[in-house]
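# Observations on chain architecture
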Amino acid sequence: MSARFCRSILILFIIFNSLWAAGQSFSPEHYNLKWTSQSENAGESMPCGGGDIGLNVWVEKGDLLFYISRSGVFDENNVVPKLGRVRVRLSPNPFNGGSSFRQELKLNEGCTEISGKKGKLSATVKVWVDVFKPVIHVDIEGNSPVAAQAWYESWRTVPGELKGNARSASSYKWAKSAVVVHPDSVRYENNGVLFYHRNRDSTVFDAIVAQQKLENVKSKLWNPLKNLTYGGWMEGPGMIADHATLEGRYADTPFKGFGLKSKAPSRHVQLSVYLHTDQQNDISVWKKGLLGMIAQAKEEERTARQKTLDWWKQYWQRSYIALNVSKKDTASPVWQVGRNYQLFRYMLGCNAFGTYPTKFNGGLFTYDPVFVDTAYHFTADHRNWGGGTFTAQNQRLVYWPMLKSGDFEMMRPQFEFYQRILGNAETRTRHYWGHEGASFTEQIENFGLPNYAEYGSKRPDGYDPGLEYNKWLEYLWDTSLEFCLMILEQERFAGSDISTYLPLIESCVVFFDGHYQYLAAKRSAAKLDQNGHLVLFPGSAAETYKMAYNSVTTVAGLKTVLERMLMLPSRYGTEEQRKRWKGILGRIPPLSFREMQGHRTIAPALAWERIQNTEIPQLYPVFPYGMYGIGMPDLETAVNTWKYDTEAIRNRNHTSWHQDNIFCARLGLTDEAAALTIKKLQDSGRRFPAFWGPGHDWVPDHNWGGSGMIGLQEMLMQTVDDSIYILPAWPDDWDVQFKLRAPLSTVVEGEWKGGKMMYLKVTPESRKDDVICSKCEFNRF
C-alpha cells in the first residue's frame, strides 16, 4: 500500500471522525480531589486560587484555615511573604466532631468546597478567588443559622531576623549580612481588618547595587522594591470587629489574630478578603487604591462568580490530556499521571494574570517548612532558593508546557519579567564592558541584577565586577536565549504580535556577538577564529561543563534563536536589522561531537575545564532547541548521546528540573519516556498528590511538575516545521483523550483507546495534510 494512499485514507479518517468528535466534551470533574477527613496540618492543605492569588486551604480541628499568597509581593529582603492566614470557625460547628466531612477541589469551578454534618446541622463552605479582581470569597450556607468567627492571623507584627537556613528565603541566602524582617501594619478599621506592609527606602536592591559597583549608574536602574506596598482588608456583611485579640502558635511560629464575628446567626454567611499591591511614595495613595478596588469589586460582585466560572470552564476546554478515563484506578500510576497533569495545570492557572511569573520553588502554594523538613523551624514565608530570585533553568520548565496547552495569555508574566529588566541588563553591560546587549545571568533578581549571595562578596582583587565569582554560575549567560525562543514559538503557534519583545530578543543575541569579540580582543589581535566564528570562551554548558569552549547550549541557543528571528514575517525587523542578524548567525560556530563507547554523540562543548553539576546539556539540541528529534536528520546521533554518553548516563534522574523524560519523548524512546513520565507525574506521597518535592528546590516543586507536563505532551504530539506527529512516543496500552495546540493556530484533539485511534480532529481542516500518525495508519488500515 503506497504512502500516498495511506495518507489519503488518514485524511478521510480525520474528516469523518471529526463529526463524532464534535459531540465530545472533556470535563475535569472526574479528576476532582476529594477528602473525607480533616487535615493534620498545613502540610496537608489543598491549593485554591485564581487570577494571581493562591490559597492553601485545609480544615484542622474543626477550623477552616487558609494561607494567602499573591504574585508580585516582595519584602525588603526579596522574600515572597504570605499575606497572612485566615481562620474561620462556625458555631454550632458541623466540622467539630461531626458525623460526616468532605473537602473537594472542584476543578471546573476553580474552588474548594467543604461540607460537614453534625446532628441535624449541615453546612457547606465554598472558598473561591475572583479571577478578574484580587478578592477572596468564603461563602457559607447552613440548613439552620450559624454564627461565624474569622481571624486574620499575622506572625509579622514585631521586628524579626532571618538566621541560619531561614535566610535562604531571601536574596541574601548564605551571605554574611543581617537580614532584618520589618513588621507589618495590622489594625481594625470600619468593622474590618486592614493589613499591609510597606517596604522601607533601603532594600536588597541598594545592597546589590553597592556590592556590584553600580553606584555610578544607580539612577538609571529600575527598582521594583522601594515603597512597594501590599496587603488588603478583610470584612463580611453582618460581621463586626471582635477586639479580643487571638494569640497562639501555629507550627513553629507565634501569631496574633485580629477577629470579626457575626452580629447574629444566619443561614448565609459571607467573608471577603480584598487585596491590593502598588508602588507609591505616599501610603495614602495605596489606601485610596485599595478602597477604589473594593468599591469596584462590590459593584460587580453579582456577576463576579459567573465570570470566574466561565473562565475556568474555557480554561479546561482549551486543552487537556486525560488518561484511562474509562478505567479509573487511583492506585494506577498511569491514571495518576493523567489526574496530576490536570491538578498541576490548575495550580498554574491560579497565576494566569500575575504581575510576576509563577515561581519554580513553590509557586503560590508553599506552607510551613517544618512540614517539608523537620529541621526547618521557620515561618510560613520560607522557601529555599529565594523569593525575588528567579533561576532561569528552573523557570523555563514552568512555562514551556503552556505553549501546547494553548495557555498563551499565561506566558505573558514570564515574558514581561525579562522585558521589565531589559534596561537594567543593558545598563550593566555598558557599564562593565562598554558594548551593547543584555547580560542576563542564571540566578537573577527581579530587577535584573545577579543575586547577592551568588555574586560573591569575597572576590579576588581586580576580578571583573561584571562577573559572578561563583564556580557554578560563572559565565552562564545563555539561559535567556530559551525565553527568547519561547517568545518566538508563541508567534509561530498563535500568531501573537511579539513586536514589543523584539528588542529584548535582539539584545540577547547581540550581547554574545559583542561580548565574545570583546573578550577575544583582550587576548589577541584576532576577534574571530580562523573560520570567522566567535570564540565562545569562557562559557558554560548549563551549570555542568565549566570554563567551556563553544558550549553546546550557547551554540544551539544562538543558532536556533537567530534562525527563528530570520523566519519571522517581514514586518519584524528592518532590512538593516535582518542583515545584522544574518551576520551574527554566520559567526556562530558549529556544534561539537565526540565518540562515546564507539558511537558518534553530541559533545557538551569543544573543550571544558571541569564537570560541576548533574545536568545533560549535550541533549539541549534535542530539547529545548529542537535541532534533533522525530522527523529530523541524524536522529541516531542524538539517540546515541542518550544511550552511550557515559557522563549523560551518570547524570540521569527524574526528580525536580531533570528533563530526561522530555529527551526520551523527543527521541521516540517510548518505553523510557513512559517510565520516566510515571516517575515525574505519579502521586507525590503528600496528601495533595501534585505537591512534589522538595527535589533540588522546594515544595511544591513547580519545575518538577512542569517538566512532567512537557514530557507527556511530547509523547503525545510533536511538531517539526509544519508537520504534526501524533503519538510519536505513546504506549499502545495508555488510553488518552487529548486536545493540544500546534503551530499556525492549529488545534489537535482526539482519543486513543484500546490500541486504536477512535477519532482525530484537526482545526483548521487545511492543516490535516500535515498530520503524521504511524499508529493511526497501522491500526486503521
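See the structure above.
Worth saying up front: this structure is predicted, and the values here are computed from it rather than measured. (Residues numbered from 1 in each chain as written. Predicted model: local features only at pLDDT ≥ 70, side-chain atom pairs only at ≥ 80, totals over all residues. Heavy atoms only, no water.)

Time to look at the state of the cysteines. Summed over the entire model, instances satisfying the criterion amount to one disulfide. Here Cys773 connects covalently by a disulfide to Cys776, the sulfurs 2.0 Å from one another. An S-S torsion of about 75 degrees defines the bridge between Cys773 and Cys776 as right-handed. This cysteine, Cys508, is not joined by any disulfide, and Cys484 carries the nearest cysteine sulfur, 3.7 Å off. (Disulfide = S-S within 2.5 Å.)

All chains considered together, the criterion is met by 40 salt bridges. Between Arg587 and Asp513 there is a salt bridge, and its shortest N-O distance comes to 2.9 Å. With a gap of 74 residues between them, Arg587 in the loop between helix 13 (575-586) and strand 23 (593-596) and Asp513 in helix 11 (residues 502-523) connect regions that are remote in the sequence. One salt bridge in this structure joins Glu714 and Arg666, with 3.1 Å as the shortest N-O distance. On the criterion of sequence distance, the pair formed by Glu714 in helix 18 (residues 702-716) and Arg666 in helix 16 (residues 660-666) is long-range, its members being 48 residues apart. Just as Glu714 is buried, Arg666 falls in that class too. When salt bridges that share partners are traced, they join Asp63, Arg85, Arg87, Arg89 and Glu153 into one network. (Salt bridge = Lys/Arg side-chain N within 4 Å of Asp/Glu carboxyl O. Helix = DSSP H or I, 4+ residues; strand = E, 2+ residues; numbered from the N terminus. Buried < 20%, exposed > 50% of the residue type's maximum accessible area, 1.4 Å probe, protein only.)

Attention shifts here to the environment of His658. Within the secondary structure, His658 sits in the loop between helix 15 (646-650) and helix 16. Taking the C-alpha atoms as reference points, His658 and Trp155, separated by 503 residues in sequence, lie 36 Å from one another. When sequence neighbours within four positions are dropped, the list of residues in contact with His658 reads Thr614, Asn651, Asn653, Lys680, His696 and Ser707. (Contact = heavy atoms within 4.5 Å.)

In this section: the pairing of strand 29 (residues 746-753). A large share of strand 29 lies buried, amounting to seven of its eight residues. In this structure, strand 28 (residues 736-742) lies alongside strand 29, joined through seven bridges in antiparallel fashion. Of the residues in strand 29, the one forming a bridge with Phe738 is Gly750. Connecting strand 28 to the antiparallel partner strand 29 that follows it, the hairpin turn spans three residues, and Leu744 within it adopts a positive phi of roughly 65 degrees. Across seven bridges, the pairing between strand 29 and strand 30 (residues 756-763) is antiparallel. Each residue of the ladder has a partner; that of Val747, found in strand 30, is Thr763. (Pairing = 2+ DSSP bridges.)

This part takes up the nonpolar core. Side chains of a nonpolar character, in soluble globular proteins, are inclined to be buried together. Counting residues in hydrophobic clusters, the biggest one holds 230 residues, and the most contacted among them are Leu55, Phe440, Phe688, Leu712, Ile726 and Trp730. Of the residues forming this core, the biggest block, eleven residues, is contributed by helix 8 (residues 408-433). Ignoring sequence-local partners within four residues, the contact set of Leu55 consists of Met46, Pro47, Cys48, Phe66, Tyr67, Ile68, Val127, Val129, Ile136 and Phe365. Core analysis: the second largest hydrophobic core is formed by ten residues, Val135, Tyr274, Trp286 and Leu290 among them. (Core = buried A, V, L, I, M, F, W, Y, C linked by side-chain atoms within 4.5 Å.)

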